Amino acid sequence: MPVKNDGVVIVGGGVVGLSTAYFLGMAGVASTVVERDSIGSHASGFALGGLSPVTGSGVPDVLEAMAFDGMRIHAEMGAGLPSETGLETGYGSKPLLTLTFDEAEAEAAKDAVARQQGHEGYSVRWLSSTDARRVEPRISEEALGGIHVEGSAQVDPYRFSLALARAAEGLGASIRNGAVSGLVRQGGRVSGVRVGDETLPCERMVIASGPWSSEASEWLGIRVQVGPLKGQILRLRAPGPPVECSIGWNGNYATTKPDGLLWAGTTEEEVGFDETPTTEARDRIMASLHRLLPSLGDTALARQTACLRPVTPDRLPLLGHVPGMEGVILATGAERKGILLGPSMGRIAADILTTGTSDVGIDAFDPARFE
Ligand SMILES: Cc1cc2nc3c(=O)[nH]c(=O)nc-3n(C[C@H](O)[C@H](O)[C@H](O)COP(=O)(O)OP(=O)(O)OC[C@H]3O[C@@H](n4cnc5c(N)ncnc54)[C@H](O)[C@@H]3O)c2cc1C
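Residues numbered from 1 in each chain as written. Predicted model: local features only at pLDDT ≥ 70, side-chain atom pairs only at ≥ 80, totals over all residues.

The next subject is the overall build of the chain. The helix and strand inventory of the chain stands at 9 helices and 20 strands. The C-alpha atoms of the chain give 21 Å as radius of gyration, which agrees with the globular expectation for 371 residues (21 Å, within 12%). The C-alpha extent of the chain, read off along each of the three principal axes, is 65 × 40 × 40 Å. Of all 371 residues assigned to the chain, the portion counted as buried reaches 52%. By sequence separation, contacts in the chain at least 24 residues apart represent 73% of the contacts at least 6 residues apart. (Helix = DSSP H or I, 4+ residues; strand = E, 2+ residues; numbered from the N terminus. Rg over C-alpha atoms; globule rule 2.2 N^0.38 Å. Buried ≥ 20, exposed ≤ 12 C-beta atoms within 10 Å, placed from the backbone. Contact = placed C-beta atoms within 7 Å.)

Shown next, in the form of structure tokens:
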């Protein structure tokens, strides 16, 4: 496996940047990941880690191929990364039960079931309230039923990020701490990346710095239209047996994670680059938890986290070449599904850099589409 640096610099040590380094390593290309804070210290370390290619924002739709590719890679990595790296990633099956509370929600959910069915390896069914209660007896009496998905999975995002980093290093990548503040051009190409007072020579560059990728607007001379959408999660000590399913409603969820804690979320807050947990969010998440699982009212807060999803104006990723700048790729904007999509985005970014093409269609994610 390669140990030389092949002139590729990746900005950002989140799941997208690390996956890019991993797949470049698999292709025999050594890269340098530059991370300003530490690996997985933002959304990639603090997400829920739910993995479902058949439900949620953007799928099934234009993101479908990437979502299934992400799922396939997660299954492979779930089996391979622990033995490759010595680090457990918490990968495993996690069924979903998305509840409805009024007739309109129930009708919309039944329509969605029809669209989401038919994928090999996945079962998507509408369950009446009685059947839903057989899956999880503690759900609210007010629930009218819900969508039950089998085939979905989960991972511990922080451990996954660490394992990815270690695996990428094993394939020749190097990871260094530093803040990228600009790039050096030679003609229409990148020839170096500014890290503090230093210039790292490079011929190719991947900007995978999550919501902060907009900082690259100045370096690139185009508007990189991505920004932060804050989300918060409570980790709770809850009474009774674990909640085995991920119980959801209207973008909120609750499930017991491998750490034994009940993780409940979430919020969507447009408050800029503020990652501070708030009491308002805590109260809102507790209210939605009571709506889903009223008997779990007696919980103790073990930890509250907040992090920032990278979000674009059309809520689709930015993935592909930067216009007018040879050798520079943007890979960000995975929003609420970045843990699922990140490995696929990294694989695609690596493919584009090494072969010039990708087997997953990315026209809809063209970084030039907002110009
Ligand atoms: C509450 C919450 C729950 C979520 N749950 C799920 C889920 O269940 N399933 C799912 O699929 N997704 C989930 N997500 C979404 C997912 O976490 C994100 O989409 C994903 O982590 C984004 O990864 P990234 O690598 O693009 O960005 P990040 O994780 O933000 O990584 C970017 C990195 O770049 C670094 N950086 C920035 N600027 C610079 C610079 N100038 N120089 C050097 N380094 C720099 C940052 O320090 C950071 O570490 C959730 C998100 C939130 C907020």
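As a structural note, the neighbourhood of the ligand is formed by 42 residues, with G12, G14, G210, G231 and G338 the closest of them. Elements that contribute at least two residues to the shell around the ligand include exactly α1 (15-26), β2 (31-35), α2 (43-46), β14 (227-237), β18 (300-311) and α9 (338-355). Element by element, the count of residues in the shell around the ligand is highest for α9, at 4 residues. Residue composition of the shell around the ligand, by class: 17 nonpolar, 17 polar and 8 charged. (Near = placed C-beta within 6 Å. Nonpolar A, V, L, I, M, F, W, Y, C, P; charged D, E, K, R; others polar.)

Another aspect to go through is the domain arrangement of the chain. Assigned domains of the chain: these are domain 1 (8-86 + 157-226 + 313-365) and domain 2 (92-153 + 228-309). Here the C-alpha centroids of domain 1 and domain 2 sit 28 Å apart. Counting residues at the interface gives 16 residues for domain 1, matched by 22 residues for domain 2. Of all elements in the fold, only α2 and β3 (50-51) reach the threshold of two or more residues within the side of domain 1 that touches domain 2. Class assignment for the residues of the side of domain 1 that touches domain 2 results in 7 nonpolar, 7 polar and 2 charged. (Domains from an automatic or database assignment.)

Take the packing of helix α3 (residues 64-85) against α9 next. The packing of two helices is summarised by the inter-axis angle and the distance between the axes. Between α3 and α9, the shortest axis-to-axis distance is 7 Å and the interhelical angle comes to 95°. Here α9 runs roughly perpendicular to α3, going by the angle between their axes. Residues M66, A67, D69, G70, M71, I73, H74 and M77 of α3 pack against L340, L341, P343, S344 and R347 of α9. Split into classes, the residues belonging to the contact of α3 with α9 amount to 8 nonpolar, 3 polar and 2 charged. (Axes fitted to C-alpha atoms, helices over the stretch in contact; angles between N-to-C directions. Parallel < 35°, antiparallel > 145°, perpendicular 65-115°, else oblique.)

Before going further, it helps to spend a moment on the sheet that holds strand β19 (residues 318-321). A sheet is described by the order of its strands in space; here 6 strands give the open sequence β9-β2-β1-β13-β20-β19, paired in mixed fashion. Two strands bound the open sheet, and with one partner strand each, they are β9 (174-177) and β19. Adjacent strand axes in the sheet meet at a mean angle of 20° when their direction is disregarded. (Pairing = 2+ DSSP bridges.)

So, about the packing of α1 against helix α6 (residues 157-170). In contact at an axis separation of 8 Å, α1 and α6 are set at 30° when each is read in the N-to-C sense. Here α1 lies roughly parallel to α6, going by the angle between them. Of the two elements, α1 crosses α6, and the hand of that crossing is left-handed. Here α1 contributes V15, L18, S19, A21, Y22 and G25 to the contact with α6, which in turn contributes S161, L164, A165, A167 and A168. When the residues that make up the contact of α1 with α6 are grouped by side-chain class, the tally is 8 nonpolar, 3 polar and no charged. (Left-handed = near helix turned anticlockwise from the far one by under 90°.)

The subject of this paragraph is the nonpolar core. Residues I247, A331 and A349 are the most contacted members of the largest nonpolar core, which totals 112 residues. Of the residues forming this core, the biggest block, 9 residues, is contributed by α9. Two domains each put at least three residues into this core: domain 1 (8-86 + 157-226 + 313-365) and domain 2 (92-153 + 228-309). Here A349 is in contact with T20, V206, L319, I329 and A331, once residues within four sequence places are set aside. (Core = buried A, V, L, I, M, F, W, Y, C linked by C-beta atoms within 7 Å.)

Moving on: unusual backbone geometry. Most peptide bonds are trans, and most residues other than glycine sit at a negative phi. Of note, the bond from G265 into T266 is cis; its omega dihedral lies within 30 degrees of zero at 0°. The residue T266 is located in the loop between β17 (262-265) and α8 (279-292) in this model. Here the phi dihedral of N250 falls at roughly 55°; this positive angle occurs in a residue that is not glycine. As for its placement among the helices and strands, N250 is situated in the loop between β15 (246-249) and β16 (252-256).

Turning our eyes to something else, we now look at the sheet that holds strand β10 (residues 180-186). Pairing is antiparallel across the open sheet formed by 3 strands, whose spatial order is β10-β11-β12. Lying at the two open borders of the sheet, with one neighbouring strand each, are β10 and β12 (198-201). Adjacent strand axes in the sheet meet at a mean angle of 35°, parallel and antiparallel pairs treated alike. Pairing analysis gives 6 bridges linking β10 to strand β11 (residues 189-195), with the strands arranged antiparallel. In the strand pairing of β11, Q186 is matched with R189.

Counting buried positions over the 5 residues of β16 gives 4, a clear majority of the element. Where β15 meets β16, 3 bridges bridge the pair, whose relative direction is antiparallel. Within β16, the position partnered with G248 by the bridge is Y253. Counting the residues between successive antiparallel strands, the hairpin from β15 to β16 contains 2 residues, one of them, N250, with a positive phi of roughly 55°. Where β16 meets β17, 4 bridges bridge the pair, whose relative direction is antiparallel. Bridging across to β17, Y253 finds its partner in G265. Hairpin remark: β16 followed by β17, antiparallel, with 5 residues in the connecting loop; positive phi at G260, about 85°.

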